[in-house]
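Here's the letter readout for the chains.
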Amino acid sequence: MTVNNKTLTPKMSLESMSHKAVYVAFIGVFILFSMTAEGFLNFDNFSNLIANKVVLLAIVALGMTIVIAAGGIDLSVGVSIDLASMAFIMMIGAGHHGVFAVIVAILVAACVGLTNSLLINKLKIDPFLATLGVLFIGKSVQQLATSGGVPIYLTRSEFAAPFEAITRTSLFGIPTPFLVLVACVIAVYLALHRGKFGRYVSALGAQPGVAKYSGIRVPFQLTLVFVSCSVLCGISGVLLSSTVRSYVPLAGDAFLLDAIGATFIGTAISKERKPSVFGTILGVLFLAMLRNGLLLLGLNFFWQQVGIGLLVFIVLGLSFGLRKRAE
């Protein structure tokens, strides 16, 4: 059998199948839930899924995509989300303008990324250990600042305007949070796949030692990588607190594993085995669809976790297994 004058070998066939495993799983799960989960295909269900699950997770996962593409990991994304959320709520509660509150929140989140980069660049600590340490410290800071983890609620009517401006406004019928996600997707895509920054990130992820001797300012680029991730998480934190009109300590922890999972699901569809914006967004949609479908089927939270873990394990195992055999 020939395709474009090239022989289709079993190795090429397995390689092609490994790239398509995620697509097949996505379509298969969608069809399964469409047939078994009542209300899955309702417009309201999809709109709530996008607004409450996809937008926030996707923005965090985009940040994780940058870090993993650079050969690192960031376990402190939840801290960036939570501290940005706390700063935003506190600024609004103190009577500051909404725009100022957003700027302060994002700057606070950026400080988390800056701390990570300093630990990695100056103290030469492995990214896993550095961000793990920041995770523990960040959790403690939140608990100390909130008397052991007491949520901060805003109920006074004059505080409503900043939240309405973020969560209730729209452009051409498209909600503002979704527009924020689109802007983040475009920005990360251009930076990671079309700009010099992306080439440097790829070099760091592939051969960090070679990158150093090729003239790339590795410490500076790593700082950009971790600060960019934290800034994206800060944006998600602002959207989260605007949605619930409060700050709930440690709420950002729920995004960590899903962000990592979405990024690696996206890596499974890449021929270069690299994280990508498109792959990450597909991974986010896949995980959000799994959670939504299992919830509609009546499974409790713990069984949902089991189901998601098994399905992700099967998909990634099949994809990387076929790719390994092709080698």
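Here is what the cut-offs are and how they apply
Sequence order as written defines the numbering, with residues in each chain counted from 1. Only residues with pLDDT of 70 or above have their local features reported here, since the model is predicted, and side-chain atom pairs are shown and tallied only from 80 upward, although totals for entire chains, interfaces and linings are computed over all residues. As a rule here, side-chain values come from all non-hydrogen atoms in the structure, and water together with hydrogens is ignored. Under the DSSP-based scheme used, a helix requires at least four consecutive residues in state H or I and a strand at least two consecutive residues in state E, with every element numbered from the N terminus. To sort residues, take the accessible area from a 1.4 Å probe on protein chains only and compare it with the maximum for the residue type: under 20% means buried, over 50% means exposed, and anything in between is partly exposed. We call two residues in contact whenever any of their non-hydrogen atoms come within 4.5 Å of each other. Surface accessibility follows the Shrake-Rupley procedure with a 1.4 Å probe radius. Residue values consider only the protein chains on display as shielding. In the analysis that follows, any N or O atom pair within 3.5 Å is treated as a polar contact, provided that within protein one partner can donate a hydrogen and the other can accept it, and provided that, for residues neighboring in sequence, both atoms belong to side chains. To count toward a patch, a residue needs a relative accessible area over 30% and no salt bridge; like charges are then connected within 9 Å, while nonpolar side chains (Val, Leu, Ile, Met, Phe, Trp, Tyr) are connected within 5 Å. The term salt bridge refers to a pairing of a side-chain nitrogen on Lys or Arg with a carboxyl oxygen on Asp or Glu at a separation within 4 Å. Only buried residues count toward a nonpolar core, which is a set of Ala, Val, Leu, Ile, Met, Phe, Trp, Tyr and Cys residues joined through side-chain atoms within 4.5 Å. In plain terms, two cysteine sulfur atoms within 2.5 Å form what is called a disulfide here. Aromatic pairing here means that ring centres of Phe, Tyr or Trp (its six-membered ring) are within 6.5 Å. Orientation follows from the plane angle: under 30 degrees is stacked, over 60 is edge-to-face, and everything else is tilted. Placement of a charge over a ring requires the Lys NZ or Arg CZ to be within 6 Å of the ring centre, with the centre-to-atom vector within 35 degrees of the ring normal. Between N-to-C directions, angles cover 0 to 180 degrees, with each direction set by a line fitted to C-alpha atoms, over the stretch in contact for helices. The cut-offs work like this: below 35 degrees is roughly parallel, past 145 is roughly antiparallel, 65 to 115 is roughly perpendicular, and the gaps in between are oblique. For any pair of crossing helices, the crossing counts as left-handed if the nearer helix is rotated counterclockwise from the farther one by less than a right angle, and right-handed if it is rotated clockwise.

Asker: How do you make sense of the overall build of the chain when you look at a structure like this?
Answerer: If you tally the helices and strands in the chain, you get 13 helices and six strands. Out of the 327 residues belonging to the chain, those deemed buried represent 46%. For the chain, contacts bridging at least 24 residues in sequence account for 76% of all contacts bridging at least 6. Taken as a whole, the chain presents about 16,700 Å² of accessible surface, with 69% of it coming from carbon and sulfur.

Asker: Just to check I follow, could you spell out the side chain of Asn121 for this structure?
Answerer: In this fold, Asn121 is placed in helix α4 (residues 98-121). Among the polar contacts made by the side chain of Asn121, one reaches the main-chain carbonyl oxygen of Pro219 at a distance of 3.0 Å. Ignoring sequence-local partners within four residues, the contact set of Asn121 consists of Pro219, Leu222 and Thr223.

Asker: I tried to follow the side chain of Ser276 on my own but got confused; where do I start?
Answerer: Mapped onto the secondary structure, Ser276 falls in the loop between α11 (253-268) and α12 (277-296). The exposure class of Ser276 is buried, given its relative accessible area of 16%. Here Gly279 takes part through its backbone nitrogen, which lies 3.1 Å from a polar atom of the side chain of Ser276. For Ser276, the contacting residues outside a window of four places in its chain are Thr65 and His193.

Asker: Even after reading the chapter, I still don't get a nonpolar patch on the surface, so can you show me in this structure?
Answerer: Together, Ile174, Phe178, Val182, Ile186, Tyr189 and Leu190 line one region of the surface with nonpolar side chains, adding up to about 470 Å² of accessible area. Its location among the elements puts Leu190 in helix α7 (residues 176-193). In this structure Leu190 comes out as partly exposed when scored by relative accessible area, which is 47%.

Asker: I tried to follow the nonpolar core on my own but got confused; where do I start?
Answerer: It is characteristic of soluble globular proteins that their nonpolar side chains tend to be buried jointly. Residues Phe33, Met64, Phe88, Val225, Phe286 and Leu290 are the most contacted members of the largest nonpolar core, which totals 85 residues. Per-element accounting of this core gives the leading share, 15 residues, to helix α2 (residues 43-69). Not counting residues up to four positions away in its chain, the partners in contact with Val225 are Ile66, Val67, Ala70, Phe197 and Val201.

Asker: Can you help me understand the environment of Val244 in this one?
Answerer: Along the chain, Val244 turns up in helix α10 (residues 218-244). When the C-alpha positions of Val244 and Leu154 are compared, they lie 9.7 Å apart, and in sequence the two are 90 residues distant.

Asker: Even after reading the chapter, I still don't get the state of the cysteines, so can you show me in this structure?
Answerer: In a disulfide, the sulfur atoms of two cysteines are covalently bonded to one another. Under the criterion given, the structure shown has zero disulfides. Free of any disulfide, Cys229 has its nearest cysteine sulfur in Cys233, 4.3 Å distant.

Asker: What is the right way to read the packing of aromatic side chains from this model?
Answerer: Centre-to-centre distance and the angle between the planes together describe a pair of aromatic rings. Going through the model one piece at a time under the given rule, you end up with five aromatic pairs. When the ring of Phe33 is compared with that of Phe40, the centres are 5.7 Å apart and the planes differ by 55°; the resulting orientation is tilted. With relative accessibility at 3%, the residue Phe33 sits in the buried group. The exposure class assigned to Phe40 is buried, which follows from its relative accessible area of 1%. Taken together, Phe30, Phe33, Phe40 and Phe46 form an aromatic cluster joined through their ring pairs. Above the plane of the ring of Phe220 lies Arg217, whose end atom (NZ or CZ) is 4.5 Å from the centre.

Asker: Any chance you could explain α11 here in plain terms?
Answerer: Working note: α-helix, 3.6 residues per turn, so residues spaced by three or four point in the same direction. With respect to burial, α11 is a largely interior element, 12 of its 16 residues being buried. Of all the residues in α11, the buried ones are Phe255, Leu256, Asp258, Ala259, Ile260, Gly261, Ala262, Thr263, Ile265, Gly266, Thr267 and Ala268.

Asker: In this structure, what is going on with the environment of Gly113? I would like to understand it.
Answerer: Checked against the element boundaries, Gly113 lands in helix α4. In the structure, Gly113 is positioned 18 residues away from Thr131 in sequence and 8.9 Å away in space, judged by C-alpha atoms. Beyond its immediate chain neighbours, meaning those up to four positions away, Gly113 contacts Phe226, Val227 and Ser230.

Asker: Looking at this structure, I do not really get the packing of α2 against α7. What am I missing?
Answerer: Packed helix pairs are characterised by how far apart their axes lie and by the angle those axes make with each other. Taken N-terminus to C-terminus, the directions of α2 and α7 make an angle of 20°; their axes are 10 Å apart at the nearest point. Between α2 and α7, the angle falls in the class roughly parallel. Seen from above, α2 lies across α7 with left-handed handedness. On α7, the residues touching Ile50, Val55, Ala58, Ile59, Leu62, Thr65 and Ile66 of α2 are Pro177, Phe178, Val180, Leu181, Cys184, Val185, Val188 and Leu192.

Asker: Can you help me understand unusual backbone geometry in this one?
Answerer: Excluding glycine, residues mostly carry a negative phi; peptide bonds, for their part, are mostly trans. For Arg245, which is not glycine, the phi torsion reads 55° and is therefore positive. Position of Arg245 among the secondary structure elements: in the loop between α10 and β6 (246-247). The exposure class of Arg245 is partly exposed, given its relative accessible area of 28%. Even without a glycine there, the phi angle at Leu250 is positive, about 70°. If you trace the backbone, Leu250 turns up in the loop between β6 and α11.

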